[in-house]
Amino acid sequence: MPLLQAEEISVTFGGHRALVDVSVDAEEGRITGLIGPNGAGKTTCFNVLSGLQPPQGGRVIFDSQDISAVPAYKRGRLGMARTFQRIEVFGSLTVFENVLVAAEIRHRWSRGEEIDLDAECNDIIDLVGLRKVADQRVDSIPTGLSRLTELARALATKPRVILLDEPSSGLDDDESEAFGDLLLTLAKRGVAILLVEHDIDLVMQVCDRIHVLDFGTIIAVGTPVEIRKDKRVQKAYLGED
Amino acid sequence: MKDLLAFTVIGIVTGSVYAIAASGLVLTYTTSGIFNFAHGGIGMLMAFTYWEFRFHHHWPAPLALFVVVFVIAPALGALIERVLMRNLHGRSTGTSLVVTIGLMVMLMGIAQGIWPPAARPFPEFYSGHGVTIFGIFVTTHQIITIIVAGLAALIFWYLLNRTRTGVAMRAVVDDRNLAALNGVSPARVSMLSWALGSSLAALAGILIAPALNLEILNLTLLVVVAYAAAVVGKLKSLPLTFAGAMILGLLTSYLSLSWVHAEKIPGLPGALPTIMLFACLLLLPEERLRVGRITSERGPRVPSLGESLQGGILLVVGAIVVSLVLSDANLVRVGQGMALALVMLSLVVLMGYGGQISLAQMTFVGMGAFAMARFGLGGSPLGLLMAPLLAAPIGALVALPALRLQGLYLALATMAFGVAAENMLFPRAWLFGSSTRVVPRLHLFGVHFDGEKSFFVLLAIVFSLFGIGVLALRRGRFGRLVSAMRDSPAACTTLGVNLLTTRLAVFTLSAAMAGFAGAFYGGLRGSAQTNDFLMFQSLPLLLMAVIGGITTVSGALVGGLLLGLLQTQSSTGVLAGLVFLFTGAAAVSLGRNPHGVAFYISQKLEPLKDKVPWFRPEEPDEPLTEELPRIAAAAG
């Protein structure tokens with residue numbers, strides 16, 4: 001049973017059907033890819049999963065519970081975290097504070113015992129590789145590092161599932177490779193990862209399964225090998241390259 | 001029955017004027033994304049201009065009307081769009097709000113400068129003429145008003161639905177960038193809509209001026225009625241806005257029916273737009289969080305505890321020195337600034353840290369002053385305790401319906417609340433009534449702060465303590481959370497933050513702080529009455545806080561002292577007009593930089609810090625006196 005499931009969700013903007021009966025799922029300890037050309041509906045799908053966009057049809061299931069009517073902030077508390085394609089960092093805070101504020105938020109609603117949040121945040125900063133810029137304000141660091149800050153912030157809520165929206169754009173090749181390793185490490189720790197990414201090499205390298213979205217519908221689901229071979233995928237997406 | 005018919009006609013006429021004003025507001029808002037608080041101000045200035053041509057220079061009415069509505073007003077609108085509004089696109093609601101409110105205050109200053117208060121007869125069109133329909137005498141002016149509103153509606157419908165320009169306008173509303181890619185110039189469309197909106201404001205102003213006695217403030221506040229009507233159409237739909245305007249016009253008119261007994265609730269007509277606005281706010285669906293906003297501008301570093309303590313001590317020592325040097329009369333003036341600075345601290349928390357807007361801060365100050373007057377007899381600290389306790393729950397109640405929606409609605413709701421409070425709440429006999437209440441000064445631990453010197457030093461101590469407290473708040477968990485929420489509400493939500501309760505907490509805290517400051521503000525003045533806490537007084541407060549620097553404690557101090565000085569130097573006539581003009585102009589030019597004068601000064605003084613080891617830029621008195629002549633010179 002996957003931890004997070006979208007069941008036949010549909011979203012319409014005016015007359016435009018952004019998502020039509022889309023089903024995706026993410027399992028614990030696995031990295032699941034969600035790929036597709038620009039405008040295919042990937043970010044809309046993420047917005048539905050995280051509760052920022054109410055769907056016109058379909059259900060969202062988390063840990064066997066129907067959370068379709070659960071507001072976004074409560075989904076966060078259930079253990080769902082995400083990053084954004086257009087970066088949403090706390091620009092006036094430092095990188096460390098970005099992570100700390102997330103840990104503090106989690107600590108507040110989880111009403112857990114008093115723990116050393118600073119140490120916890122420092123561990124995350126080291127894990128993600130932001131040590132050098134930890135004390136800089138986020139609005140003064142490069143885009144790639146801002147994206148990593150978003151990831152670090154998401155990790156501070158101790159999520160069971162993370163939705164990553166193009167996390168590697170803005171990273172150079174070496175950084176991308178290190179980022180892939182980081183994702184694998186997180187998956188090993190049992191986190192379910194749903195990955196939207198334009199870097200196809202990265203997706204093929206780290207994902208266990210891949211969903212392909214085109215014009216708001218899922219046209220293929222499978223392992224990286226299967227997806228590479230799929231004719232419709234080649235036509236709709238990979239053929240472009 | 002005849003009464004009902006007569007008041008229906010009057011209601012439709014009033015509704016027509018509201019509809020003209022409101023449709024102009026909606027038009028500019030939808031095409032440029034900027035909500036124009038100066039809409040009523042433009043109508044006011046144009047009504048005065050019409051009066052000047054028509055009754056001072058005795059131009060024929062059609063000529064004066066043509067020149068004002070079709071030449072000057074659109075030119076003014078286009079100018080405003082080109083100079084002030086165009087580069088506001090994509091900025092935060094707070095920034096564009098400060099700029100349009102600055103413009104509103106500036107226009108009032110211009111009007112007051114050119115046309116100082118005096119009786120200016122402004123007869124209706126074809127005064128005395130009319131026809132009798134079903135036994136009811138309808139004046140020609142009323143008929144003209146209804147026809148103009150109908151024509152405006154028709155022309156609008158045709159323009160938006162049947163012309164290329166209209167399609168371009170609607171395209172820009174839907175997606176500015178996409179429209180640009182398809183060969184539409186968003187800048188030109190936006191300029192055109194501001195020109196049109198401005199014409200409509202002029203028309204509404206001229207039509208309603210006879211009823212409002214050509215009075216600056218009342219005409220300017222037409223914007224409150226206009227947006228109350230526009231909220232019915234969610235600030236977007238023109239037909240619904242028309243309907244809202246008609247409902248408002250009819251309701252206002254029916255209140256005059258003898259069997260309605262509206263006189264039992266004094267001030268109800270003035271508060272009607274507010275009531276309608278709040279009713280609509282409750283019905284509006286919750287906002288969808290927008291993703292992909294601009295990030296915050298780079299702001300000043302938050303001072304450490306040590307630095308803020310140093311700043312506080314310096315301020316108190318400075319205040320003691322000042323209290324020994326200045327005469328009592330001058331101390332009251334500076335004290336007024338200090339008390340206003342204390343009020344502005346509440347805006348630093350709300351707007352500077354939280355990114356939320358309140359246009360009713362003086363209303364909360366009034367509640368604090370009332371609490372001190374009522375419960376602080378003999379200077380009892382109970383009054384001081386009751387001040388925030390009274391202001392906070394009312395603040396929470398006012399903010400709650402608007403906080404589910406985007407930031408603009410909070411500005412609209414608080415402004416409307418301020419208007420309702422001055423009409424319905426404060427004039428109540430158990431509150432201020434029509435008289436003046438004595439507000440005592442604090443008596444604590446056997447010490448009386450009745451004297452001007454001691455009260456001034458007390459004000460400085462209180463400001464310092466609150467400043468240190470506000471900075472501690474900013475450095476702590478709550479401050480981080482509030483800053484995070486300002487920078488990205490969407491990210492906060494996904495982290496598990498309930499935006500509504502957090503925003504409510506910030507607004508309630510801010511209202512409580514303003515109420516607390518009100519106890520001192522009232523104490524300084526010694527008395528309080530309804531007219532001390534009009535909604536309009538919240539606007540210069542906000543603008544000057546932005547000019548001083550809304551994101552810093554030192555900014556509040558600079559802003560407060562500046563406002564205090566300006567207020568006590570001039571209270572009437574041309575000089576007051578200049579003060580408005582200066583405040584508005586400074587806010588318009590500084591509105592883009594929320595860190596204000598204080599930040600500018602501290603940056604300039606940064607190199608000094610190394611040379612003078614004990615010096616900190618938080619120290620307020622010196623930079624202010626240095627800076628004043630420069631600002632004065634800049635303002636001309």
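What you see is a predicted model; the values in this text were computed from it and never measured.

**Here's the deal with helix 13 (residues 305-325) of chain B**
When the terminal C-alpha atoms of helix 13 of chain B are compared, their 30 Å separation across 21 residues agrees well with the 30 Å that a helix rising 1.5 Å per residue should span. Those residues of helix 13 of chain B that sit buried are E307, S308, G311, G312, L315, V316, G318, A319 and S323 of chain B.

**Section: the packing of aromatic side chains**
Residues and elements named next belong to chain B. Applying the stated criterion across every chain yields a total of 21 aromatic pairs over all chains. Ring geometry for Y50 versus F122: centroids 5.8 Å apart, planes at 35°, classification tilted. Placement of the pair is Y50 in helix 2 (residues 39-56) and F122 in the loop between helix 4 (93-114) and strand 1 (130-133), with a sequence separation of 72 residues. Relative accessible area serves as the criterion here: at 9%, F122 is assigned to the buried category.

**Considerations on the pattern of salt bridges**
Applying the stated rule across the entire model yields 19 salt bridges over all chains. We note a salt bridge from D230 of chain A to R232 of chain A, for which the minimum N-O separation is 4.0 Å. D532 of chain B is the partner of R525 of chain B in a salt bridge, and the nearest nitrogen-oxygen pair spans 3.4 Å. The network of salt bridges with common partners includes E7, R59 and D66 of chain A.

**Observations regarding the side chain of S176 of chain A**
Residues and elements named next belong to chain A. Of note, S176 is situated in helix 6 (residues 173-188). On the basis of relative accessibility, which here comes to 9%, the residue S176 falls in the buried class. With residues near it in sequence (within four places) discarded, S176 still touches S168, L171, D199 and L202.

**Examining the nonpolar core**
Proteins that are soluble and globular tend to have nonpolar side chains buried together. Counting 201 residues, the largest nonpolar core has F37, Y227 and L359 of chain B as its most contacted members. If you tally residues by element for this core, the top one is helix 14 (residues 328-353) of chain B, at 15 residues. Both domain 1 (2-264) and domain 2 (305-634) of chain B contribute no fewer than three residues apiece to this core. Filtering out sequence-adjacent residues up to four positions away, F37 of chain B remains in contact with L97, T100, I101, M104, V223, Y227, L359, L408, A411, L412 and M415 of chain B. Listed in part, the 68 residues of the second largest apolar core include L100, I141, V191 and V206 of chain A.

**Points about the interface of chain B and chain A**
A common way to report how large an interface is uses the accessible area buried once the components associate. Tallying the contact residues gives 28 residues for chain B and 33 residues for chain A. Both sides of the chain B and chain A interface together cover about 2,800 Å² of buried area, and 56% of this is carbon and sulfur. When the buried area of chain B at its contact with chain A is split by residue, R477, R480 and L495 of chain B rank highest and sum to 26% of it. The interface formed by chain B and chain A holds two salt bridges in total. Between R477 of chain B and E104 of chain A there is a salt bridge, and its shortest N-O distance comes to 3.7 Å. When contributions to the side of chain B that touches chain A are tallied by element, the ones reaching two or more residues are helix 19 (477-487) and helix 20 (489-495) of chain B. Grouping the constituent residues of the side of chain B that touches chain A by class yields nine nonpolar, nine polar and 10 charged.

**A short note on the domain arrangement of chain A**
Residues and elements named next belong to chain A. The assigned domain composition of chain A is domain 1 (1-79 + 160-241) and domain 2 (87-158). At the interface, 15 residues of domain 1 touch 10 residues of domain 2. Note on domain 1 versus domain 2: buried area summed over both sides is about 1,100 Å², and carbon and sulfur give 73% of it. Taken together, the links from domain 1 to domain 2 amount to zero salt bridges. Inspection of the domain 1/domain 2 interface yields two residue pairs in polar contact (both at pLDDT 80 or more). Secondary-structure elements contributing two or more residues to the side of domain 1 that touches domain 2 are helix 2 (72-78), strand 7 (161-165) and helix 6. Considering only residue class, the side of domain 1 that touches domain 2 consists of seven nonpolar, three polar and five charged.

**Here's the deal with the domain arrangement of chain B**
Residues and elements named next belong to chain B. Assigned domains within chain B: domain 1 (2-264) and domain 2 (305-634). On a C-alpha basis, the centres of domain 1 and domain 2 stand 33 Å from each other. Where domain 1 abuts domain 2, roughly 2,600 Å² becomes buried across the two surfaces, and 81% of that area is made up of carbon and sulfur atoms. Broken down residue by residue, the surface that domain 1 buries against domain 2 is led by V98, V105 and Q112, which jointly contribute 19%. Summed over the shared surface of domain 1 and domain 2, the result is zero salt bridges. The tally of links between domain 1 and domain 2 comes to two residue pairs in polar contact (both at pLDDT 80 or more). Put simply, the parts of the chain that give the side of domain 1 that touches domain 2 at least two residues each are helix 3 (61-85), helix 4 and helix 10 (222-232). At 16 residues, the largest contribution of residues to the side of domain 1 that touches domain 2 is made by helix 4. The residue makeup of the side of domain 1 that touches domain 2, split by class, is 23 nonpolar, seven polar and two charged.

**Things to note about the environment of V597 of chain B**
Of note, V597 of chain B is situated in helix 25 (residues 596-611). In this structure, the C-alpha to C-alpha distance between V597 of chain B and G555 of chain B, residues 42 residues apart in sequence, is 6.9 Å.

**Let's talk about the environment of V349 of chain B**
All names here are of chain B. With respect to the helices and strands, the residue V349 is situated in helix 14. In this structure V349 comes out as buried when scored by relative accessible area, which is 2%. For the pair V349 and V470, spaced 121 residues apart in the sequence, the C-alpha separation amounts to 7.2 Å. When sequence neighbours within four positions are dropped, the list of residues in contact with V349 reads G354, V470, L473, V506, L509 and M513.

**Points about the packing of helix 16 (residues 381-403) of chain B against helix 21 (residues 499-525) of chain B**
Residue and element names in this part refer to chain B. Helix 21 packs onto helix 16 with a crossing angle of 145° between their chain directions and a minimal axis gap of 7 Å. Like other packed secondary-structure pairs, helix 16 and helix 21 cross with a definite hand, here right-handed. Here L384, A387, P388, A391, A392, G395, A396, A399, L400 and L403 of helix 16 lie close against helix 21, whose contacting residues are L500, R503, L504, F507, T508, A511, A512, G515, F516, A519 and F520. Of the residues that constitute the contact of helix 16 with helix 21, the class distribution is 17 nonpolar, three polar and one charged.

**Observations regarding a negative patch on the surface**
Residue and element names in this part refer to chain A. Judged by side-chain charge, D172, D173, D174, E175, E177 and D181 come together as a negatively charged surface patch. Inspection of the secondary structure assignment puts E177 in helix 6. By relative accessible area, which is 52% here, E177 ends up exposed.

Rules used in this analysis
Residues numbered from 1 in each chain as written. Chains lettered and ligands numbered in written order. Predicted model: local features only at pLDDT ≥ 70, side-chain atom pairs only at ≥ 80, totals over all residues. Heavy atoms only, no water. Helix = DSSP H or I, 4+ residues; strand = E, 2+ residues; numbered from the N terminus. Expected span 1.5 Å × (residues − 1). Buried < 20%, exposed > 50% of the residue type's maximum accessible area, 1.4 Å probe, protein only. Phe/Tyr/Trp six-rings, centres within 6.5 Å; stacked < 30°, edge-to-face > 60°. Salt bridge = Lys/Arg side-chain N within 4 Å of Asp/Glu carboxyl O. Contact = heavy atoms within 4.5 Å. Core = buried A, V, L, I, M, F, W, Y, C linked by side-chain atoms within 4.5 Å. Domains from an automatic or database assignment. Buried area = accessible area lost by both parts, 1.4 Å probe. Nonpolar A, V, L, I, M, F, W, Y, C, P; charged D, E, K, R; others polar. Polar contact = N/O pair within 3.5 Å; in protein donor to acceptor, adjacent residues only side chain to side chain. Axes fitted to C-alpha atoms, helices over the stretch in contact; angles between N-to-C directions. Left-handed = near helix turned anticlockwise from the far one by under 90°. Patch = residues over 30% accessible without salt bridge, like charges linked within 9 Å, V, L, I, M, F, W, Y side chains within 5 Å. Areas by Shrake-Rupley, 256 points an atom, 1.4 Å probe, with all protein chains shown as cover. Lys, Arg positive; Asp, Glu negative; His and termini not counted. Charge placed at Lys NZ, Arg CZ, Asp CG, Glu CD.

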